[in-house]
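Chain and residue survey
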Amino acid sequence: MKKVGIAVLGLGWMGQAHSRSMLRIPSLFPDRDVQPELIVCADVDASRRERAVQDFGFLEAVEDWQQAVNDPRVDAVWVTSPNMMHIPMIEAACAAGKAVFSEKPIGGKPEHAVAALAAATAAGVKSGVGYNYLWAPLVIHAKSLIESGEIGEITHYRGRFLSMYGSDELGLLTWRFYLDQAGYGVTSDILSHSVSMAQFLAGPISEVVGMKNMTITHRPIPQEGAAGHYGRGKPEDPKGLVENEDFASMLCTFESGATGTFEASRTMVGPESQNAFEIYGTKGAIYWNLERLNELSVYRLTEDLSSGFTTVFGGDRFPYHGAFAPGQANNIGFEDLVAIEDLAFLQSLVNDTSFSPSFTEAVDVVNVQQALINSWETRAWEPVISLAPEGN
Ligand SMILES: NC(=O)c1ccc[n+]([C@@H]2O[C@H](COP(=O)([O-])OP(=O)(O)OC[C@H]3O[C@@H](n4cnc5c(N)ncnc54)[C@H](O)[C@@H]3O)[C@@H](O)[C@H]2O)c1
């Protein structure tokens, strides 16, 4: 079994999720070819560095992420910092010849994902991007149903990611709300998940027209320590300006000729984490919603027109599910998808096989994002043009 030494850059929500995955992978996947080893964690927050060593068992935790990247014991770097830190970290990891797995969206603006792909290609290192929902066992099953023609030709795709993480006016002004730390708002943060899912299931998007909105313009400034994603301030706390969009929507056309509609919001009240799709074909339909991660709704048109939606529960008959829970309808959760993607990426490193979604697929997402941004300006349909560097 080959060992892979790992550096994690940023031990917030996702840095912890990936670190926990590395610890769980050996017991979850006994048949693996790879042994992940948590070598070094970098974080600017001292209490998180302490946790890295004490609770996660990293050999070391450092303040300077460059030190972690250049550590000779490190073979692969996980980038789990705020968006606008992704690119310097990815470029340094590539320059040091390390494989790199970055959380989505890769930077905060389209050009950042493009730069990441250029750096990985130039260095000849493997890359991965954290579009973790593509690894949900029932999403993989949905893809196989589509590919085997179960719902016929896709005619329409509805994608949405409606989250309540910013719906509280006292929700803290964390890095996600600043242009220089997050880049764009929901289009980078969560519409990117919907677009990656759509292109995974229904193929490339070729043109879009869309709109954006901002609904909460000021938020409390965090007063102490590292502010968590779901942290809440007090009414008397000083407030600062939100700099990027809370809402985005778009109409699109797929290369196949199918139509699509997309919505993403971080401030709507009601949908708590509704990362969902509805796919309509000539012979059926498929629905999935993260809020019900372990259920897939499938409609198959029957000759006698007695059709109806059927609920398929998750279970060990679907890919990866049995690693977490045996049998049927014993549920898996968010971090299990992170463990699956981490295992798949690690396996691709030791077996030298291709991995998707990589920085190539991250650029496929920002190609659509750029067309949407263009359409905010022109208020017209915009073509999706490949931004991938030559030769990619
Ligand atoms: N795939 C998913 O489902 C998912 C979910 C949440 C976040 N994300 C992505 O993960 C990334 C991190 O988001 P998060 O919610 O974990 O953020 P977070 O704020 O919880 O954590 C970020 C961490 O980075 C650290 N950090 C900041 N600057 C640093 C620097 N210069 N050097 C080292 N560490 C530094 C912070 O102290 C913090 O511990 C983002 O790109 C986000 O888009 C993905």
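The rules we used
- Residues numbered from 1 in each chain as written.
- Predicted model: local features only at pLDDT ≥ 70, side-chain atom pairs only at ≥ 80, totals over all residues.
- Heavy atoms only, no water.
- Buried < 20%, exposed > 50% of the residue type's maximum accessible area, 1.4 Å probe, protein only.
- Helix = DSSP H or I, 4+ residues; strand = E, 2+ residues; numbered from the N terminus.
- Pairing = 2+ DSSP bridges.
- Domains from an automatic or database assignment.
- Contact = heavy atoms within 4.5 Å.
- Buried area = accessible area lost by both parts, 1.4 Å probe.
- Salt bridge = Lys/Arg side-chain N within 4 Å of Asp/Glu carboxyl O.
- Polar contact = N/O pair within 3.5 Å; in protein donor to acceptor, adjacent residues only side chain to side chain.
- Nonpolar A, V, L, I, M, F, W, Y, C, P; charged D, E, K, R; others polar.
- Axes fitted to C-alpha atoms, helices over the stretch in contact; angles between N-to-C directions.
- Disulfide = S-S within 2.5 Å.
- Core = buried A, V, L, I, M, F, W, Y, C linked by side-chain atoms within 4.5 Å.
- Near = heavy atom within 4 Å.
- Areas by Shrake-Rupley, 256 points an atom, 1.4 Å probe, with all protein chains shown as cover.
- Parallel < 35°, antiparallel > 145°, perpendicular 65-115°, else oblique.
- Left-handed = near helix turned anticlockwise from the far one by under 90°.

**Things to note about the pairing of strand β11 (residues 247-254)**
- With 7 of 8 residues buried, β11 lies mostly within the body of the structure.
- Sheet topology note: the strand β8 (residues 205-213)/β11 ladder contains 8 bridges and is antiparallel. Pairing of valine 209 across the sheet is with leucine 251, part of β11.
- Pairing of β11 with strand β12 (residues 259-265) involves 7 bridges; the strand directions are antiparallel.

**Comments concerning the domain arrangement of the protein**
- Looking at the protein, the domain boundaries give domain 1 (2-132) and domain 2 (134-355 + 366-371).
- Between the C-alpha centres of domain 1 and domain 2 there is a distance of 23 Å.
- Domain 1 puts 43 residues into the contact, and the matching count from domain 2 is 44 residues.
- When the area that domain 1 buries against domain 2 is broken down by residue, the three leading residues are Lys126, Tyr131 and Asn132, summing to 20%.
- Linking domain 1 with domain 2 are 4 salt bridges.
- In this structure, arginine 24 and aspartate 336 form a salt bridge, with 2.6 Å as the shortest nitrogen-oxygen distance.
- Counting across the domain 1 and domain 2 interface gives 19 residue pairs in polar contact (both at pLDDT 80 or more).
- Within the residue set of the side of domain 1 that touches domain 2, elements represented by two or more residues are β1 (2-9), α1 (13-28), β2 (34-42), β4 (76-79), β5 (99-102), α5 (110-123) and β6 (127-129).
- For the side of domain 1 that touches domain 2, the element with the highest residue contribution is α1, accounting for 10 residues.
- The residue makeup of the side of domain 1 that touches domain 2, split by class, is 24 nonpolar, 8 polar and 11 charged.

**Brief notes about the sheet that holds β1**
- In spatial order, the strands read β3-β2-β1-β4-β5-β6; together these 6 strands make up an open sheet with parallel pairing. This sheet does not close on itself; its edge strands, each paired only once, are β3 (60-62) and β6. The mean angle between the axes of side-by-side strands here comes to 25 degrees, regardless of whether they run parallel or antiparallel.
- The pairing of β1 with β2 spans 8 bridges and is classified as parallel. Looking at β2, one finds that valine 8 is bridged to cysteine 41.
- Along the sheet face, helix α10 (residues 334-351) touches β1, β2, β4, β5 and β6 and points at about 165 degrees away from the line of β5.

**Some details on the state of the cysteines**
- Evaluation of the coordinates by the stated rule reveals 0 disulfides.
- Looking at cysteine 41, it has no disulfide partner, and the nearest cysteine sulfur is the one in cysteine 94, 20 Å off.

**Considering the side chain of serine 192**
- Mapped onto the fold, serine 192 is located in helix α8 (residues 186-202).
- When sequence neighbours within four positions are dropped, the list of residues in contact with serine 192 reads Lys104, Pro105, Tyr131, Val186, Thr187 and Val365.

**Looking at the nonpolar core**
- In terms of nonpolar packing, the biggest core is built from 111 residues, with Leu9, Tyr157, Phe277 and Trp288 touching the most fellow members.
- With 10 residues, helix α11 (residues 359-378) is the single largest residue contributor to this core.
- Each of two domains, domain 1 (2-132) and domain 2 (134-355 + 366-371), supplies a minimum of three residues to this core.
- Apart from the residues lying within four places of it in its own chain, the contact partners of tryptophan 288 are Tyr133, Ala136, Leu138, Val139, Met197, Asn275, Ala276, Phe277, Leu293, Glu295 and Leu296.

**Things to note about the site of the ligand**
- In the vicinity of the ligand there are 28 residues, among which Met14, Asp43, Arg48, Asn83 and Asn132 approach most closely.
- In this structure, asparagine 83 approaches the ligand through a side-chain N or O atom, which is 2.7 Å from an oxygen atom.
- For the ligand, whose unbound accessible area comes to 850 Å², protein coverage reaches 91%.
- Listing elements by their share of the shell around the ligand, those giving two or more residues are α1, α4 (86-95) and α8.
- The residue makeup of the shell around the ligand, split by class, is 13 nonpolar, 9 polar and 6 charged.
- Counting contributing residues, the shell around the ligand receives three or more from each of domain 1 (2-132) and domain 2 (134-355 + 366-371).

**A look at the packing of α1 against α10**
- At a minimum axis separation of 8 Å, α1 and α10 run at an interaxial angle of 70 degrees. With respect to α10, the axis of α1 lies roughly perpendicular. Crossing geometry of α1 relative to α10 is assigned as right-handed. Along the contact surface, α1 presents Trp13, Met14, Ala17, His18, Arg20, Ser21, Met22, Arg24, Ile25 and Leu28, while α10 presents Phe334, Glu335, Asp336, Val338, Ala339, Glu341, Asp342, Leu343 and Leu346.

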